[in-house]
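Notes for the structure review
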Amino acid sequence: TDEVFKDVKKILRMPRARLFKNKFNRPNLFYRVLPKPDSASDCSAAICKWIQDNHGGETGIVYCYSTKECDTLANFLRSNGISSLPYHAQMYQGER
């Protein structure tokens, strides 16, 4: 409910949090919410370290807020030895 969402934002101290809803359950996906560093570069570095420390050599998906963030993060991960490609709606059909 809207009230639960407001309570969760308050408890997590995330006043600008956005709500994304979906109508289907994906039991094969694992979701984890971690504290977000203040800067974009610190955030990318934290994601990279978390992947290397916890899921090296495994396959996964990192959801990003924007196309630009998707491309930037994929490039950062590749430059740090993690096989990574962006995937988003702005890609040409042949790239997908």
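Throughout this document, residue positions are counted from 1 along each chain, in the order its sequence is written. Two thresholds apply to this predicted model, a pLDDT of at least 70 for residue-level local features and 80 or more for giving and counting side-chain atom pairs, whereas whole-chain, interface and lining totals are computed over all residues. The side-chain values count all of the structure's non-hydrogen atoms but skip hydrogen atoms and water molecules.

Some points on unusual backbone geometry
The test is simple: Here a helix means four or more residues in a row that DSSP labels H or I, a strand means two or more in a row labelled E, and each is numbered from the N terminus. Relative accessibility under 20% of the residue-type maximum defines a buried residue, over 50% an exposed one, and the middle range a partly exposed one, all with a 1.4 Å probe and only protein chains included.
The phi angle at Arg 13 is positive, at roughly 55°, despite the residue not being glycine. Relative to the assigned elements, Arg 13 resides in the loop between helix 1 (2-11) and helix 2 (40-55). Overall, Arg 13 belongs to the exposed group, its relative accessible area being 74%.

Notes on the confidence of the model for the protein
Segments scoring low in pLDDT should not have their predicted coordinates read at a detailed level. As a reminder, the rule being used: As a per-residue measure, pLDDT tells how confident the predictor is, with possible values from 0 to 100.
The share of residues in the protein with pLDDT of 70 or more is 99%, and the mean pLDDT across the chain is 87. Element-level mean pLDDT values for the protein span from 84 in helix 1 up to 94 in helix 3 (residues 67-79).

Section: the state of the cysteines
Defined as follows: Criterion for a disulfide: a pair of cysteine sulfur atoms at a distance within 2.5 Å.
One pass over the full model with this rule turns up zero disulfides. For Cys 43, which is in no disulfide, the shortest distance to another cysteine sulfur is to Cys 64 and amounts to 8.6 Å. Residue class for Cys 43 comes out buried when judged on its relative accessible area of 17%. Not engaged in a disulfide, the cysteine Cys 48 finds its nearest cysteine sulfur in Cys 43; these two sulfurs lie 12 Å apart. A relative accessible area of 3% means that Cys 48 is categorised as buried.

Considerations on the environment of Ala 17
So the rule is basically this: Contact criterion: two residues are considered in contact whenever any of their non-hydrogen atoms come within 4.5 Å of each other.
Secondary-structure assignment places Ala 17 in the loop between helix 1 and helix 2. For the pair formed by Ala 17 and Asp 42, sequence separation is 25 residues and the distance between their alpha carbons is 19 Å. Setting aside chain neighbours within four positions, we find Ala 17 in contact with Phe 5 and Lys 9.

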